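Coordinate analysis (summary)
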Number of protein chains: 2
Amino acid sequence: MRVEIITVGDEVLRGETTENNTVWLSIALTAAGLPPSRQTSLPDDIGVIRDELSSAAARSGAVIVTGGLGPTVDDVTRQAAIDAFGGGIEVRDEIVIEIERRFRELGFTMPDGYRDLARIPAGAEVLDNIVGAAPGLAIDAGECLIFLLPGVPGEMKEIFSRLILPRLSTGEEDQRKVLRVYGLMETTVEERIATLLDADELERLSIISSPTGISVYLPAGIDTGTVERAKEILGDDLFGEGSDRLEEVVVGMLRERGLTLVTAESLTGGMLASMIVSVPGASETFLEGYVTYSNESKIRILGVEKNAIETDGAVSEEVCGQMAEGAVRISGADIALSTTGIAGPGGATPGKSVGLCWMGLSHAGVTECRKRKMGGDRGMIRLRTAGVCLDMLRRRLLTENR
Amino acid sequence: MRVEIITVGDEVLRGETTENNTVWLSIALTAAGLPPSRQTSLPDDIGVIRDELSSAAARSGAVIVTGGLGPTVDDVTRQAAIDAFGGGIEVRDEIVIEIERRFRELGFTMPDGYRDLARIPAGAEVLDNIVGAAPGLAIDAGECLIFLLPGVPGEMKEIFSRLILPRLSTGEEDQRKVLRVYGLMETTVEERIATLLDADELERLSIISSPTGISVYLPAGIDTGTVERAKEILGDDLFGEGSDRLEEVVVGMLRERGLTLVTAESLTGGMLASMIVSVPGASETFLEGYVTYSNESKIRILGVEKNAIETDGAVSEEVCGQMAEGAVRISGADIALSTTGIAGPGGATPGKSVGLCWMGLSHAGVTECRKRKMGGDRGMIRLRTAGVCLDMLRRRLLTENR
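Since we're looking at a predicted model, the values are computed, not measured.

Examining the overall build of chain A
Assigned secondary structure in chain A consists of 15 helices and 17 strands. Overall, chain A is about 75 × 60 × 40 Å in size when its C-alpha atoms are taken along their principal axes. Of all 402 residues assigned to chain A, the portion counted as buried reaches 55%. Pairs at least 24 residues apart make up 68% of the contacts formed inside chain A by residues separated by at least 6 positions. A gap of 4 Å separates the mean positions of the 41 positive and 61 negative side-chain charges of chain A.

Comments concerning the interface of chain B and chain A
Across the boundary between the two partners, chain B contributes 69 residues, which contact 70 residues of chain A. Buried surface at the junction of chain B and chain A, both sides included, amounts to about 5,300 Å², of which 52% is carbon and sulfur. Applying the counting criterion to the chain B and chain A interface returns 4 salt bridges. Residue Glu-288 of chain A is joined to Arg-300 of chain B by a salt bridge in which the shortest nitrogen-to-oxygen separation is 2.6 Å. Between chain B and chain A we count 29 residue pairs in polar contact (both at pLDDT 80 or more) in total. Among the elements that take part in the side of chain B that touches chain A, strand E14 (residues 286–292) of chain B stands out by supplying 7 residues, more than any other. In the side of chain B that touches chain A, the residues fall into 32 nonpolar, 24 polar and 13 charged. Pairing between strand E2 (residues 38–42) of chain A and strand E2 (residues 38–42) of chain B: 3 bridges, direction antiparallel. Directly across from Ser-41 of chain A, in E2 of chain B, lies its bridge partner Gln-39 of chain B.

A short note on the packing of helix H10 (residues 246–257) of chain A against helix H15 (residues 378–400) of chain A
To characterise two packed helices, one gives the angle between the axes of the helices and the distance between these axes. Residues and elements named next belong to chain A. Interaxial distance between H10 and H15 falls to 10 Å at its minimum, and their mutual angle equals 35°. Of the two elements, H10 crosses H15, and the hand of that crossing is left-handed. Residues Leu-246, Glu-247, Val-249, Val-250, Met-253, Leu-254 and Arg-257 of H10 form the contact with H15, whose own contacting residues are Gly-387, Leu-390, Asp-391, Leu-393, Arg-394, Leu-397 and Leu-398. Split by residue class, the contact of H10 with H15 holds 9 nonpolar, 1 polar and 4 charged.

Observations regarding the sheet that holds strand E12 (residues 238–241) of chain B
Residue and element names in this part refer to chain B. Here we have 4 strands laid out as an open sheet, ordered E10-E11-E9-E12, and antiparallel in their pairing. Across the chains shown, the open sheet's two edge strands, defined by having one partner strand only, are strand E10 (206–210) and E12. On average, each strand axis in the sheet is tilted by 25° relative to the strand beside it, whichever way the strands run. Sheet topology note: the strand E9 (residues 178–181)/strand E11 (residues 213–217) ladder contains 4 bridges and is antiparallel. Across the sheet, the residue bridging to Arg-180 is Ser-215, located in E11.

What about the side chain of Asp-391 of chain B?
Residues and elements named next belong to chain B. Summarising the element assignment, Asp-391 is placed in helix H15 (residues 378–400). A distance of 2.9 Å separates the side chain of Asp-391 from the side chain of Arg-394, its partner in a polar contact. Setting aside its immediate chain neighbours within four residues, Asp-391 contacts Tyr-182 and Leu-246.

A short note on the confidence of the model for chain A
Mean pLDDT over chain A works out to 91, with 98% of the residues at or above the 70 mark. Scored by ipTM, the complex comes to 0.76, with pTM at 0.77.

A word on the packing of aromatic side chains
How two aromatic rings sit relative to each other is set out by the distance from centre to centre and by the angle between their planes. Taken as a whole, this structure holds 6 aromatic pairs over all chains when the rule is applied. Arranged with centres 5.1 Å apart and planes meeting at 65°, the rings of Phe-103 of chain B and Tyr-114 of chain B form a pair that is edge-to-face. With Phe-103 of chain B in helix H5 (residues 93–105) and Tyr-114 of chain B in the loop between H5 and strand E5 (119–121), the pair connects residues that are 11 residues apart, well separated along the chain. Lying over the aromatic face of Tyr-217 of chain B, Arg-14 of chain A brings its terminal NZ or CZ to 4.8 Å of the ring centre.

About the thresholds
- Residues numbered from 1 in each chain as written.
- Chains lettered and ligands numbered in written order.
- Predicted model: local features only at pLDDT ≥ 70, side-chain atom pairs only at ≥ 80, totals over all residues.
- Heavy atoms only, no water.
- Helix = DSSP H or I, 4+ residues; strand = E, 2+ residues; numbered from the N terminus.
- Buried < 20%, exposed > 50% of the residue type's maximum accessible area, 1.4 Å probe, protein only.
- Contact = heavy atoms within 4.5 Å.
- Lys, Arg positive; Asp, Glu negative; His and termini not counted.
- Charge placed at Lys NZ, Arg CZ, Asp CG, Glu CD.
- Buried area = accessible area lost by both parts, 1.4 Å probe.
- Salt bridge = Lys/Arg side-chain N within 4 Å of Asp/Glu carboxyl O.
- Polar contact = N/O pair within 3.5 Å; in protein donor to acceptor, adjacent residues only side chain to side chain.
- Nonpolar A, V, L, I, M, F, W, Y, C, P; charged D, E, K, R; others polar.
- Pairing = 2+ DSSP bridges.
- Axes fitted to C-alpha atoms, helices over the stretch in contact; angles between N-to-C directions.
- Left-handed = near helix turned anticlockwise from the far one by under 90°.
- pLDDT = per-residue confidence, 0-100.
- Phe/Tyr/Trp six-rings, centres within 6.5 Å; stacked < 30°, edge-to-face > 60°.
- Lys NZ or Arg CZ within 6 Å of the ring centre and 35° of its normal.

Below, the structure is given as structure tokens:
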């Protein structure tokens, strides 16, 4: 069955939204064995949406539409669907009654604009929105099922996962094995894996790099022996499979070993702690974090020597190491990670340019520090530093376990 | 002139690529006064690409196509364009000679696949690729200009900026005034602004909501009097303009007033500190942060009373207030922000469900705490809490300054 995705919203066309419903839906559909055959983004224009809905219904078996379902005047997807499929309008008061109840529960009065949400294409099925206001809608357009979903990512994902994916699912999941790698260049990964594949498999190999790790999509149908050899060849650079995130893997290793962790951050300013805390259950291993941004706080909170800061500077191996050691000392945790560096755009000094970063790890009386020159802007430098720091800990735990 | 963007590649449809040529092109075109009228992603399928090129040429004045220009068998965009515009093929040996020279320069032999790059649609203009191999192509399709660009982001951006944007540019940059709002619902913002606009302006009003604030795009050409009235009507809910972020505005206010800030986070786990630190120059106002995730760390680091945690629980007004007060006391900062709550999916207790959050602010001897039930998943609950916390501080500073 051909499935396509349509996103509605002027903000998408102008590149103003950082939410990416299309990418999320594409990954989910592909994993269910239904890679989309087309993705389209359209403006908040009834006529354009209407025409595209008609074309899509003629060429595909299912169309997932996101956005334009809300209560404001530029939300026109519902009306476009009414126009496209010609069945007229049906008013479902229960939709508004439910939204009104939710507003009341939160202590608010429902704004009048929401009354319009009761007007839906005649015969459409209402897909309950349990995390937000506007419900989704399913329209039977003959040979094609049209699903209209709100553009708010949390709401879209919830409705799609609960009510749409099970209906579309073919039972033939995407059989491609995904290996997750950290600390190698994309080309190095490709060179290593290429030696295991024949020409046809190599063509279907896909390697996607991001600041939080590399995903290696091995071709579907590859034999398990080759998968195992690929894992061996990647060795310690392989940190997980599927959609594993580095922080999940690290938290899992720490929980398994019963170890506690604290963080002492300058450069990353809480980002490292926040990544760890993003993992459900992190509280079993993560005790506390210190964001020691000022020099004074590094001295007072972590006990870094004033002399070290004056002699070596706050961005130095000595200070980075003392931060990690101080964090272990005051918290009583098993392990501390520390970061210090120059995120830019200001802050460079002679011999220390923007992107210079130190990452520290203190555990069982041994402190190691690593220096890296990170590329990218302020946000990217901080994100890469947090990632390398987590990867340092992962490798240390791997080594210790041998 | 209507401009649209077409991206070619199976990997885009599967959501595997994190590069986003479409978003980059959309931002660049919008800034040049040419917001795209449509974005489409297509598979590596000659027939599908051919048909869409024909449709696009019929409805738009310019089409930017990225991807599928390389030397491998799945690169079919060139052939699709040859088929779509019916002018036949032209062989330009100089394209391959140049690529061969570059390979030689780097000490490599050019793979044979590249020879195919000489076959282009008859009459097309070659757009030199000075950072990679495959050149771009410009095709005059009557009423429409078709630009074919490589999918490699660095190559695409270079060719687009140097050779295409200057050709398309109207000289009319995006004139829309953007107002940034926090703490109101989208519909409330619309209701307020709608009173100032006529029907035509109202139709061109665009309001985009995200967890980090609402952007109100006032229609281009609106008179300055109306813009000023819109600002008045939004009052304290207006926090900035253009691309202002809440954390930038708050850091700016603190720096202006010479006030220092610290954070004491449980629920948000460093995210609040990290948002503040993401602002260049934050070090002038932000001293340090405490991520007191365990109860023990709330007591030991911040001096929260053990009794308060036992009686009221860690997620309570009392503990939230004591966290902020303790942070001011130990740091000597002017202001502390604190967060505690239940991010889920676990952690709910009788009477305290997932999403229950407390945000505290201590300043000048006065501590206020606010309770909110946040919707969304773990990440969204944490992000919203950090946002509300920053907004609390912004409003407090506004009030104090009157």
